[in-house]
There are 2 protein chains.
Amino acid sequence: MPALYLKKLPTRAPENHHKNTTLRELKKLRQELIDLQDRLYAENKHSVLVILQGMDASGKDGLIRRVFSGINPQGVQVHSFKEPTELELAHDFLWRVHQQVPARGMVQVFNRSHYEDVLITRVNGLITTEEARRRFTAINAFEKLLQQAGTTVLKFYLHVSEEEQRERLEERRTDPAKQWKYEAADDHKASQWPAYKEVYEDVFAHCNPAACPWHIVPADQNWYKAYVVARTLRDALVKLDPQYPEK
Amino acid sequence: MPALYLKKLPTRAPENHHKNTTLRELKKLRQELIDLQDRLYAENKHSVLVILQGMDASGKDGLIRRVFSGINPQGVQVHSFKEPTELELAHDFLWRVHQQVPARGMVQVFNRSHYEDVLITRVNGLITTEEARRRFTAINAFEKLLQQAGTTVLKFYLHVSEEEQRERLEERRTDPAKQWKYEAADDHKASQWPAYKEVYEDVFAHCNPAACPWHIVPADQNWYKAYVVARTLRDALVKLDPQYPEK
């Protein structure tokens, strides 16, 4: 699998992408998504799993709102993975994740995912490198199983620059509409960024097969980030070419 | 993985195993199991998954009664896999299975299992050999995941001779206490035995790693079958050596 170095990858839109035209394209993409998702649901043959990963304040929540608002919620579900419960910890790390994978006809969005089990756990020294390697193998087998059952797995890393991240965390501290998201732990986590980059790159090196690659999304600008994810999802759905069943 | 040919494997107890002494040993084994399971539950560190497979009338239900009666039901659960529901069929074949794996501290018994998805489906032509091979790979990865999370996986095939099977199915037809189990489909299934043998042997050839082998249990005599399973389970628990936590 080709290595990916975050430092070398852009966090902003290319120069020729202007905000206004991109926002117009995003609007068109959302219309296409509404149509495609309706067909996917009606055909009841394939499913799509959208995995969103990124550092704190990389804008996962906002992205979900920007891309999926307007799509029939009967066919789209979002699951946010929080700290595992005691019962979840009493099972293998994929146990709670497997329960949330999409049924045929559905689009499922994971706000964080099983990748946390090889990221935060590693940064905090809860698992060894050896255990991480075993988990990479398990993750690859798991995602293959899903694909063989007709699920398209789309993995997105929201790539935000350290400067932008610092600004956003500062906003959380001061903006009344964002303060509820602020945790004192954020400051500690910010100091862990270099460690996170390293374990993310290890994920990209080991869990990045051609059939199910990571999309590294420049994520400093919310409008561009939403556009890239919507376009990638649209392309994946077009490839599935879902058809309304004949009566 | 070493091949296993059912024709060459015994369906009856070795000559030197007498019914009465074996039943006495089984009684002792059950006492040991009660003690070991209690420690497993208290220690809350490992778990055991017992997978029971076998042709119709190979005696899975009776075996569960004989081996597990008397053990604290708080620490032992039995799950019988029936024909998949519509929702289950809308997911990969391991989706419903993964939900039922044991939590730490538990013994879980599968009465039939994910192996049906490479047995009955194959005999009835619902999946290709190629798909079966893909599922073998998925099954091996799945069982490895469980083992890495601290689950001992014990797989038993209850090996009954065709003569004994025929007799048991005949009993189902005539014995009032067993008639509820009789289905007209049993007769059809009996004609599929050679096909079942073949796909079972393919399972033994592909899903039989050293860390998680199949135990082919001579199953013509109920007392011997229960003894072998109880002994294997006891040995596995002794190996885990569960300890009461210190206060």
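Residues numbered from 1 in each chain as written. Chains lettered and ligands numbered in written order. Predicted model: local features only at pLDDT ≥ 70, side-chain atom pairs only at ≥ 80, totals over all residues. Heavy atoms only, no water.

As annotated in an unreviewed UniProt entry, chain A carries the name Polyphosphate kinase and is attributed to Hymenobacter endophyticus. The heading Sequence similarities (unreviewed entry) in the UniProt record of chain A holds the text "Belongs to the polyphosphate kinase 2 (PPK2) family. Class I subfamily." (UniProt positions renumbered as here; feature names shortened; annotations may be inferred.)

## Observations concerning the confidence of the model for chain A
Confidence in the prediction for chain A averages 93 pLDDT; 98% of positions are at 70 or higher. Confidence estimates for the predicted assembly give a pTM of 0.93 and an ipTM of 0.91. (pLDDT = per-residue confidence, 0-100.)

## Some remarks on the relation of the copies chain B and chain A
Aligned on chain A, chain B shows an RMSD of 0.0 Å; the corresponding rotation is 180° and the shift along the axis is 0.0 Å. Accordingly, the operation relating the two chain copies is best matched by a two-fold axis. A shared interface surface links the copies, since 100% of the contact residues of chain B are contact residues in chain A too. (Least-squares fit on C-alpha atoms with pLDDT ≥ 70 in both. Contact = heavy atoms within 4.5 Å.)

## Some thoughts on helix α7 (residues 162–174) of chain B
Residues and elements named next belong to chain B. With 13 residues, α7 ought to run about 18 Å at 1.5 Å a step, and its terminal C-alpha atoms sit 19 Å apart, in line with that. Of all the residues in α7, the buried ones are Glu164, Gln165, Arg168, Leu169 and Arg172. What you see down the axis of α7 is that its buried residues fit within an arc of 135°, all on one side. Relative to its buried face, α7 has exposed residues pointing more than 90 degrees away, namely Glu163, Glu167 and Thr174. (Helix = DSSP H or I, 4+ residues; strand = E, 2+ residues; numbered from the N terminus. Expected span 1.5 Å × (residues − 1). Buried < 20%, exposed > 50% of the residue type's maximum accessible area, 1.4 Å probe, protein only. Arc of directions from axis to C-beta.)

## Structural notes on the packing of aromatic side chains
All names here are of chain A. Counting across every chain of the model gives 16 aromatic pairs over all chains. Aromatic side chains Tyr157 and Phe204 sit 5.5 Å apart centroid to centroid with 70° between the ring planes, which places their arrangement in the edge-to-face category. Highlighted residues: Tyr157 in strand β4 (residues 151–159) and Phe204 in helix α9 (residues 193–206), separated in sequence by 47 residues. Of the two residues, Tyr157 and Phe204, neither departs from the other in class, the shared state being buried. These aromatic residues form a ring-pair network of at least three members: Tyr115, Tyr157, Tyr200, Phe204 and Trp214. Lying across the ring of Phe93, Arg135 places its NZ or CZ 4.7 Å from the centre. (Phe/Tyr/Trp six-rings, centres within 6.5 Å; stacked < 30°, edge-to-face > 60°. Lys NZ or Arg CZ within 6 Å of the ring centre and 35° of its normal.)

## Regarding the interface of chain B and chain A
Opposite the 20 residues of chain B that make contact, chain A presents 20 residues. When the buried surface of chain B facing chain A is broken down by residue, Asp92, His98 and Leu145 of chain B rank first, second and third, together holding 27% of it. Run the count over chain B and chain A and you get zero salt bridges. Linking chain B with chain A are 13 residue pairs in polar contact (both at pLDDT 80 or more), by the criterion used here. Those elements giving two or more residues to the side of chain B that touches chain A turn out to be α4 (95–98) and α6 (129–148) of chain B. (Buried area = accessible area lost by both parts, 1.4 Å probe. Salt bridge = Lys/Arg side-chain N within 4 Å of Asp/Glu carboxyl O. Polar contact = N/O pair within 3.5 Å; in protein donor to acceptor, adjacent residues only side chain to side chain.)

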